[in-house]
Every structure is written in structure tokens, then in C-alpha cells.
Amino acid sequence: MISFNSQAKYDKEISVILLSADQTHAQFRNKLDKGEIYPVQERGRTLLFVGLGESDKLTLTDLRIQVRKAFLSSYVQKSKSVEIIPHSIEDASIIAIIEGVAIGTYVWDKYKSKDKNDKTVKDKDISIVAETKKLYTDTVKICQGVSLTRDLVNDNADTITSEYLEKTVKDLIKSNKNISLEILNRKELKAKGLYFHLAVNQASNKEPKLIIVRYEGGKKTEGYTAIIGKGLTFDTGGLNLKPSNSIETMKIDMAGAAAVCGLLKNVLSLSIKKNLLFVLGIAENSIGSAAYKPGDVLVGYAGKSVEIGNTDAEGRLVLADAFAYVVKNYKPAKMIDLATLTGACVVALGFDYTGLFSYNDELAQALLKSAAQTDDRTWALPIYSELKEYIKSPIADLKNTSSIKGGGASTAAEFLHQFTGGTTWAHLDIAGSSYTEGSGRMYYGHGATGAGVRLLTHYLLNN
Ligand code: BES
Ligand code: ZN
Ligand code: ZN
């Protein structure tokens, strides 16, 4: 629990005191380098001084990293109550501190045995010395959406099934007015002709699902913005089976749909005044004799035929049907999708940046601005009409793989573009940014990062 207090009280077990190089404190006259932490015991309490370095060199990312580091120290870990005394009263700094705590200390330990001697206190009473502002209490809520997304991505593929995601959505929207729900299961997908989606799920014993939440928080005259997430609960690659070292992390292939869940949670907790569609295209790309085959030609909901060049390029098929269905039946004014779509995006940008693709400059700029403001890092990559040449097939309208080497994130984006029906659209490729391995990166620990949730919450609040 995080709350705000306008004045320092020194009444918690520990006070975390952030000091930039030009600041001192009555109980501490030494200089700390950036990243140095120094505890002072005082009448059974601890004052933990945290060095931030020169304030003009301190980025907001750095600040989140330093706060995280202090909170992961044993001093804070074993405290039940913590007071944070910021070095600055600027909104951006307070927000970064909140995120350093709420995002930085997230750990996925559901399946880890707990050590008997472990003194870690999980649920802390944290108070930040700052005015109580809506901006700050909103930040706390937004981080809860990020955590939901991370939990969904981190848990086992056989736990976070389409049924589980359906229940998650239903639990979120329970007892909310202005909301309606449409769910297409195997039967409905078949009856309506979403054959790409069905083909991808064909070898799985789990139910494919297209979930659409309609949220009417805006004016009657305002068009809908659709947020669409790729929800491959596991991606084996299909008959074009992924090799070892690529397959192990593929439970994360639903990170787009998980981000849609986190965003839905935030939209509801912040009562965002917009008309929105939350769409989850959920399937499992399995292998077996029932699996869809390389070389097959399929016709999806839009009526276009696609030659299957590779069964591992399945995300674009599920999204193509979701796009076409939403465009035809809901006519959104705008669409933004989130998808762990291509390894090529990871090659291009690495793990710290989401790839952004859009033909609409205004939408792209607005998203990049929200990305910069939230530190939910995003970088624009090219999309242009000539890419269409590379996804042509001699035997079908399109092919789900590219005829050229290189630029695979852009050709995948162009494939999606073919199913937008001219709707204003942006695509976020979160293949690299949604997950981190090893000891983590920036202020994220090992596992899911919740990429896209802060970015899109900010976008919806401000556009
Ligand atoms: N889910 C993968 C993309 C991915 C790769 C996500 C690495 C996260 C980390 C996607 O379905 C896929 O396999 N794409 C192929 C497409 C190729 C066969 C044209 C890829 O990127 O290799
Ligand atoms: Zn794949
Ligand atoms: Zn995939």
C-alpha cells in the first residue's frame, strides 16, 4: 500500500532519504556517490540515505533504478513500514519514485519455496512525503494494471489459458455499467468464418477465443478506439517447430492480450472517459496431426486468401481475423494493437524498446509522446506501401512470410495493415520489450515487464 503525507514524520520503521549531490541532511553530513546507500540507526529506527548523484545528471530512469535498488536492500526488505523522503517535489520525480517502488520491486515468486529464515516483508505500508495529488494516486493505480499484466505473462502457459483470460476479463468488468462483452468460441469462430484464427489453434486441445469488451465511457458521438492484443497462450511454432533456445519463453506470446487486460483494469480504476474496445485474440499454436500445414492456403474473415509460408508466423493470422472482425462489426475510429509479433523486431531494437509502426503520423507522434512521458520505451520503425510486394504469393492474395531477407518486423506490420480496412491504426511490436531474462534490465527484474500498459494508459488519458 502506498500513501502520501505532506510532511516527513520519521515514524515508520525505516525512512528512505533520497539525496542528490547538492543536498544534505541533519543526521548525515557525508557525500554519497550515485548508487551508494548508507544506513544510520537512530532510536530503534533506520534512516537509509540513498545517493542520487548530481541532480542535473539524474535521469528519471536512473531515479527509478536507484529507488528500486534501495528497496531491494535488506534494510527495506525486512521493514513493515517505510517512509520515503524525496529529493525533489517535481511531479515527474514523484511519479518515478512511485514506479521505482511499485514496478521496481515486483517479483514473480509464486512457485519459489520460501526460506524459513527469510525476513522479507511483502506487504509494506509505504508513505511518500508528497502532497496527495490525483496524479500520484493515479500512478499507483496504473502500476497495479502493470502488475496484473506481468502476473499473466509470467505464469505457466497451461495456467493462463483462454478460459483463464476470459475469467480475468469477466472479473475485471464485473458490476460495471457501460460495458458489454462478446466472446467468440470455436463454434462461433467457425460459424462466422474466422478461419485463420481457427487454423492456428487447430492442433490445440484448448478453446480458441476472440474476446471483445465494449466500454462506453465517452460521449455518444465519439468514435471507438480499439486496443487489440495478440494472445498466443503458447507458441511452439507449429509444424515449423521452434528450436531449443527459442521455444522456452513462448508462454509470453500472450503479452499483448495481457497488456489489454492491464489496460482494461486501469481504464476502469481511473474511469477514463473514452469509448473503447478491448480485444483479445486468443489461441495456442501447437503441433500434432491436426496442426495447420505449411504450404496450405487459407481464407479468413476478410475474404482474403493467405498462403502459409511458415506456421510460426501465426500471430499475424490471428490478428488479421481479429482486425477484420472488429472493423466490420464495430467500425472503430482507431485501432492500436500490441503483439509479440517478430523476432526481427528484437534484432532491430533489442529488449528495451517496443517497435512502433503506423501510417498515421498524428497517432504515431501521440504514442511516442506518451512513451517518452511514461518511460515505456518505444521507437518508430518503417512501414510503407512497397512492403506489400514482399508479402505477395503466386497462389494466394498474400503470404504470411516475406520473400526477402531482413526487415521482418516491417513486413509483418504490413501484413497486418492489409486487414485494417483503411482504419487509422498503429502497431506495437512488444516481442523484445515485454520480457526480460536473467537478472533483468533497467528497473525490471526477471520476467514480464508489462510493456505497453503505462504507454497506452497515458495515451488514453491524454488523447
Ligand atoms: N511469437 C513469435 C515472435 C517472438 C520472437 C516473440 C521472440 C518473442 C520473442 C512469432 O510468432 C514468430 O515466431 N515469428 C516469426 C515469424 C517468421 C516465421 C516469419 C519470427 O519472428 O521468427
Ligand atoms: Zn510464432
Ligand atoms: Zn507468436
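For the structure, see preceding data.
Remember, predicted model here, so these are calculated numbers, not experimental data. Within any chain, residue numbers begin from 1 and follow the written order of that chain's sequence. Chains and ligands are labelled sequentially in the order written, the chains with letters from A and the ligands with numbers from 1. Local features in this predicted model are restricted to residues of pLDDT 70 or higher, and side-chain atom pairs are both shown and tallied only at a pLDDT of 80 or more, whereas totals for entire chains, interfaces and linings draw on every residue. Heavy atoms from the whole structure form the basis of all side-chain values; hydrogens and water molecules are not counted.

Trainee: Hey, could you run me through the overall build of the protein in this one?
Mentor: Secondary structure summary: the protein contains 13 helices and 19 strands in total. Relative to the globule expectation of 23 Å for 463 residues, the C-alpha radius of gyration of the protein, 23 Å, shows essentially globular dimensions. Counting only C-alpha atoms and orienting by the principal axes, one finds that the protein spans roughly 80 × 50 × 40 Å. Within the protein, the proportion of its 463 residues that are buried is 57%. Partitioning the intrachain contacts of the protein with sequence separation of at least 6 by distance along the chain shows that 77% fall at a separation of at least 24. Accessible area of the protein: about 19700 Å², with a carbon and sulfur share of 49%. Computed over 57 positive and 52 negative side-chain charges, the inter-centroid distance for the protein is 4 Å. In this text, helices come from DSSP runs of H or I with a minimum length of four residues, and strands from runs of E with a minimum of two, each type numbered from the N-terminal end. The reference for a compact globule is 2.2 Å times residues^0.38; the radius of gyration itself is calculated from the C-alpha atoms. Categorising residues by exposure relies on relative accessible area from a 1.4 Å probe, with only protein chains included: less than 20% of the type maximum marks a residue as buried, more than 50% marks it as exposed, and the intermediate range marks it as partly exposed. Any two residues whose heavy atoms approach within 4.5 Å are treated as being in contact. We get accessible surface area from the Shrake-Rupley algorithm with a probe of 1.4 Å; when it comes to residues, only the shown protein chains can shield them. Within this scheme the basic residues Lys and Arg register as positive and the acidic residues Asp and Glu register as negative, but His and the chain ends are omitted. Charge positions are represented by NZ for Lys, CZ for Arg, CG for Asp and CD for Glu.

Trainee: It is not clear to me how the pattern of salt bridges should be interpreted in this structure. Could you clarify?
Mentor: Opposite charge on two side chains lets them pair, provided their charged atoms get close. Salt bridge criterion: a side-chain nitrogen from Lys or Arg within 4 Å of a carboxyl oxygen from Asp or Glu. Across all of its chains, the model carries 26 salt bridges by this definition. Of the charged contacts in the structure, one is a salt bridge between Lys-134 and Asp-138, with a shortest N-O distance of 2.8 Å. Residue Lys-134 and its partner Asp-138 are located together in helix H4 (residues 134-154), separated by four residues, close to a single helical turn. In this structure, Glu-207 engages Arg-186 in a salt bridge whose closest nitrogen and oxygen atoms are separated by 3.2 Å. Residue Glu-207 is located in the loop between helix H7 (195-201) and strand E8 (209-216), and its partner Arg-186 is located in helix H6 (residues 186-192); the two are separated by 21 residues in the primary sequence. One continuous salt-bridge network, built from bridges that share partners, spans Arg-64, Glu-99, Asp-375, Arg-377 and Arg-454.

Trainee: Which parts of the structure should I look at to understand the coordination of the zinc ion (ligand 2)?
Mentor: Think of it this way: four donors in a tetrahedron around the metal ideally sit 109.5 degrees apart, and six in an octahedron ideally sit 90 or 180 degrees apart. Protein coordination of the zinc ion (ligand 2) is provided by Asp-235 (OD), Asp-312 (O), Asp-312 (OD) and Glu-314 (OE), with donor distances spanning 2.0 to 2.2 Å. If you look at the zinc ion (ligand 2), its six donor atoms make angles of 70 to 167° with each other, and the shape they trace is irregular. For the pair the zinc ion (ligand 2) and the zinc ion (ligand 3), the metal-to-metal distance amounts to 3.2 Å, and Asp-235 bridges them. Highlighted residues: Asp-235 in strand E9 (residues 225-235) and Asp-312 in the loop between strand E12 (305-307) and helix H9 (315-330), separated in sequence by 77 residues. Assessed through its relative accessible area of 3%, Asp-235 is described here as buried. As a rule, N, O and S atoms within 2.8 Å of a metal are its donors, except that Na, K and Ca use 3.2 Å; water is not among the atoms, so sites may look incomplete. For a four-donor site, all angles between 85 and 135 degrees give tetrahedral; for four or six donors, opposite pairs above 155 degrees with the remaining angles between 65 and 115 give square planar or octahedral; all remaining cases count as irregular.

Trainee: Can you walk me through the site of ligand 1 in this structure?
Mentor: Near is defined per residue: the residue qualifies when any heavy atom it owns lies within 4 Å of the molecule or strand. The local shell around ligand 1 holds 16 residues, among which Lys-242, Asp-253, Asp-312, Glu-314 and Gly-343 are the closest. Counted as a polar contact is a pair of N or O atoms within 3.5 Å, where, for protein atoms, one must be capable of donating a hydrogen and the other of accepting one, and residues adjacent in sequence contribute only when both atoms are in side chains. One nitrogen or oxygen atom from the side chain of Asp-312 is found 2.8 Å from an oxygen atom belonging to ligand 1. Glu-314 has a polar side-chain atom sitting 2.9 Å from an oxygen atom of ligand 1. Burial of ligand 1 by the protein amounts to 77% of the accessible area it has alone, namely 510 Å². Basically, the charged four are Asp, Glu, Lys and Arg, the nonpolar ten are Ala, Val, Leu, Ile, Met, Phe, Trp, Tyr, Cys and Pro, and anything else, Gly included, counts as polar. Here the shell around ligand 1 is composed, by residue class, of five nonpolar, four polar and seven charged.

Trainee: Hey, could you run me through the packing of helix H3 (residues 91-102) against H4 in this one?
Mentor: Axis angle and axis distance: for two packed helices, these are the angle between their axes and the distance between the axes, and together they describe the pair. Relative orientation of the contacting elements H3 and H4 amounts to 30°, with a least axis distance of 10 Å. Looking at the two axes, H3 sits roughly parallel to H4. Here the hand of the crossing between H3 and H4 comes out right-handed. Counted together, Asp-91, Ile-94, Ile-95, Ile-98, Glu-99 and Ala-102 of H3 and Leu-135, Tyr-136, Thr-139, Val-140 and Cys-143 of H4 form the full contact between these two elements. Orientation is described by lines fitted to C-alpha atoms, with helices fitted over the stretch in contact, and by angles between N-to-C directions that extend from 0 to 180 degrees. For classification purposes, an angle smaller than 35 degrees is called roughly parallel, one larger than 145 roughly antiparallel, one from 65 to 115 roughly perpendicular, and anything else oblique. When the near helix sits turned anticlockwise from the far one by under a right angle, the crossing is termed left-handed; a clockwise turn instead gives a right-handed crossing.

Trainee: What exactly am I supposed to notice about the nonpolar core here?
Mentor: One broad rule of soluble globular proteins: the nonpolar side chains tend to lie buried together. Formed by 58 residues in total, the largest nonpolar core has its most connected members in Phe-278, Leu-367 and Leu-456. Apart from the residues lying within four places of it in its own chain, the contact partners of Leu-367 are Ile-336, Leu-356, Ala-426, Leu-455, Leu-456 and Tyr-459. In terms of nonpolar packing, the next biggest core, distinct from the first, is built from 50 residues, Val-200, Tyr-330, Leu-341 and Leu-398 among them. We call a set of buried residues a nonpolar core when its members are Ala, Val, Leu, Ile, Met, Phe, Trp, Tyr or Cys and they connect through side-chain atoms within 4.5 Å of each other.

Trainee: Looking at this structure, I do not really get the coordination of the zinc ion (ligand 3). What am I missing?
Mentor: Taken together, Lys-230 (NZ), Asp-235 (OD), Asp-253 (OD) and Glu-314 (OE) make up the full set of protein donors to the zinc ion (ligand 3), lying 2.0 to 2.4 Å away. Taken together, the six donor atoms surrounding the zinc ion (ligand 3) define angles of 77 to 173° at the centre, an arrangement classified as octahedral. Taken in sequence order, the residues that donate to the zinc ion (ligand 3) follow the motif K-x4-D-x17-D-x60-E.

Trainee: Mind showing me how you'd approach the side chain of Arg-68 here?
Mentor: Mapping Arg-68 onto the fold places it in helix H1 (residues 60-72). Although Arg-68 lies buried, it forms no salt bridge, and the closest oppositely charged side chain, Asp-352, sits 12 Å away as judged by the N-O distance. A polar contact of 2.7 Å, which involves the side chain of Arg-68, links it to the backbone oxygen of Gly-104. With residues near it in sequence (within four places) discarded, Arg-68 still touches Gly-100, Gly-104, Met-442, Tyr-443, Tyr-444 and Gly-445.

Trainee: Help me understand the sheet that holds strand E10 (residues 275-285) in this model?
Mentor: Through backbone hydrogen bonds, the strands of a sheet pair up, either in parallel or in antiparallel fashion. Should DSSP find at least two bridges between two strands, the strands are taken to pair. Ordered in space as E7-E8-E10-E9-E13-E17-E14-E15, the eight strands form an open sheet in which the pairing is mixed. Both edges of this open sheet fall to strand E7 (179-184) and strand E15 (378-380), since each of them pairs with a single strand only. Across this sheet, the average inter-strand angle for adjacent strands is 20°, counted without regard to direction. One ladder, built from six bridges, connects strand E13 (residues 334-339) with strand E17 (residues 424-429); its direction is parallel. Considered in E17, the bridge of Leu-338 is made with Leu-428. Packing against the sheet, helix H5 (residues 162-173) makes contact with E7, E8, E9 and E10, and its axis sits at approximately 10° to E8. Sheet strands in contact with helix H11 (residues 361-374) are E13, strand E14 (354-358), E15 and E17, and its direction is about 160° off that of E14.

Trainee: Would you mind showing me how to read the sheet that holds strand E1 (residues 2-5) here?
Mentor: In spatial order, the strands read E1-E6-E5-E2-E4-E3; together these six strands make up an open sheet with mixed pairing. Single-partner strands in this sheet number two, and they are E1 and strand E3 (37-42). Across this sheet, the average inter-strand angle for adjacent strands is 25°, counted without regard to direction. With four bridges joining them, E1 and strand E6 (residues 125-129) adopt parallel strand pairing. Bridge pairing in E6 places Ser-3 opposite Ser-127. Strand contacts of H1: strand E2 (14-20), strand E4 (45-53), strand E5 (81-85) and E6, with the helix running at about 155° to E4, the strand carrying the most contacts.

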